Amino acid sequence: VTIDQETDMENYLNEIDVKQARSVTNPMSDKEAIYKQPQLLEGDSIMWYRSVVGAINYYAMTTRYDLAYPASRLSQFSSAPTEGARIAALKVLAYMKCTTEFAISARFADSNAGIADDVEVYSDSDMAGDQKLNARSQTGIMILLNGAPVYWRSVRQPSTALSSACADIYAL
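Residues numbered from 1 in each chain as written. Predicted model: local features only at pLDDT ≥ 70, side-chain atom pairs only at ≥ 80, totals over all residues. Heavy atoms only, no water.

Caption draft 1: Geometry of unusual backbone geometry. Backbone geometry at Asp17 places phi at a positive 65 degrees, although glycine is not the residue there. You can see Asp17 is positioned in the loop between helix H1 (6-15) and helix H2 (44-62). One non-glycine residue, Asn146, lies in positive phi territory at about 55 degrees. With respect to the helices and strands, the residue Asn146 is situated in the loop between strand E4 (138-145) and strand E5 (148-156). (Helix = DSSP H or I, 4+ residues; strand = E, 2+ residues; numbered from the N terminus.)

Encoded structure:
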């Protein structure tokens, strides 16, 4: 079984006029880049930013687990978007344009053949990974069923962890 949003994503990216870019293999490779241009956006740029972040969140929540982290990071700037955040959002859009064929594939368990469902759970966090804003950690979670992701999330932790073990326990 395979699920994708290739057609929908291509239509969206064409609608907002995202051009084919050079090959972008990582949607957010440098988390510090978002802070390099701290000037606030003004006027229509704010609405554009919020709209794009909303679309990225939609794809991140439905079929694009690879967008969960950038969606979380960009969402943290929605109330006061900066030029650096806008540039980071453009990079995510370029990445999406380069990876529209992304799909989730899964296999069914076959109880008649003695093959049971296999569930894997992963979680991790970075200890105080965003000290520019505050000392809270970012958590990543993924649950796989028979090798296919069925749940994923990337979110800032609700409170400051005092150790890496504490940050990992919050992640769990």
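Now that the structure has been shown, the text picks up again.
Caption draft 2: Spatial organisation of the side chain of Lys97. Here Lys97 is to be found in helix H4 (residues 83-98). For the buried Lys97, which has no salt bridge, the nearest side chain bearing the opposite charge is Glu10, at an N-O separation of 7.4 Å. (Buried < 20%, exposed > 50% of the residue type's maximum accessible area, 1.4 Å probe, protein only. Lys, Arg positive; Asp, Glu negative; His and termini not counted. Salt bridge = Lys/Arg side-chain N within 4 Å of Asp/Glu carboxyl O.)

Caption draft 3: View of the sheet that holds E4. Pairing is antiparallel across the open sheet formed by three strands, whose spatial order is E3-E4-E5. The open sheet has two edge strands, strand E3 (119-126) and E5, and neither has a second partner. Each strand of the sheet is rotated relative to its neighbour by a mean of 10 degrees, with strand direction disregarded. Taken strand by strand, helix H5 (residues 164-171) contacts E3 and E4, and its axis lies near 140 degrees from that of E3. (Pairing = 2+ DSSP bridges. Axes fitted to C-alpha atoms, helices over the stretch in contact; angles between N-to-C directions. Contact = heavy atoms within 4.5 Å.)

Caption draft 4: Structural view of the packing of aromatic side chains. Using the criterion set out here, one finds five aromatic pairs in the structure. Relative to Trp152, the ring of Tyr65 has its centre 5.7 Å away and its plane inclined at 65 degrees; by these criteria the two rings are edge-to-face. In this pair, Tyr65 is assigned in the loop between H2 and helix H3 (68-75) and Trp152 in strand E5, connecting sequence segments 87 residues apart. One aromatic cluster is present, built from ring pairs that chain together Tyr12, Tyr58 and Tyr59. (Phe/Tyr/Trp six-rings, centres within 6.5 Å; stacked < 30°, edge-to-face > 60°.)

Caption draft 5: Main features of the pattern of salt bridges. Tallied over the full model, the rule gives three salt bridges. With its nearest N and O atoms 2.4 Å apart, the salt bridge here joins Glu83 to Arg86. Separated by three residues within a single helix, Glu83 and Arg86 lie in helix H4, roughly one turn from each other.

Caption draft 6: Structural detail: the pairing of E5. The pairing of E4 with E5 spans eight bridges and is antiparallel. The residue of E5 that forms the bridge with Ile141 is Arg153. Linking E4 back to E5 in an antiparallel pair, the connection comprises two residues, with Asn146 at a positive phi of about 55 degrees.

Caption draft 7: Just the environment of Asp44, in detail. Positionally, Asp44 belongs in helix H2. Since its relative accessible area comes to 70%, Asp44 is described here as exposed. Put simply, Asp44 and Ser75 are 31 residues apart on the chain and 17 Å apart in space, counted from C-alpha to C-alpha.

Caption draft 8: Just a nonpolar patch on the surface, in detail. Side chains of Val119, Val121, Leu145, Val150 and Tyr151 sit close together on the surface and give an oily, nonpolar patch of about 440 Å² of accessible area. Residue assignment for the nonpolar patch shows that the elements contributing at least two residues are E3 and E5. Its place among the elements puts Tyr151 in strand E5. Residue Tyr151 is classed as partly exposed on the basis of its relative accessible area of 37%. (Patch = residues over 30% accessible without salt bridge, like charges linked within 9 Å, V, L, I, M, F, W, Y side chains within 5 Å. Areas by Shrake-Rupley, 256 points an atom, 1.4 Å probe, with all protein chains shown as cover.)

Caption draft 9: The arrangement of the layout of surface pockets in detail. Roughly 280 Å³ of internal volume is contained in the largest pocket. Tyr69, Thr139, Gly140, Ile141 and Ser154 are, among the 13 residues lining the largest pocket, the residues nearest its centre. Those elements that provide at least two residues to the lining of the largest pocket are H3, E3, E4 and E5. The dominant element in the lining of the largest pocket, judged by the number of residues it contributes, is E4, at five residues. Within the lining of the largest pocket, the residues separate by chemical class into six nonpolar, five polar and two charged. (1 Å grid on protein atoms, 1.4 Å probe; cavity = no way out; pocket = protein on both sides within 12 Å on 5 of 7 lines; lining within 4 Å. Points joined across faces, edges and corners; volume = space filled by probe spheres on them. Nonpolar A, V, L, I, M, F, W, Y, C, P; charged D, E, K, R; others polar.)

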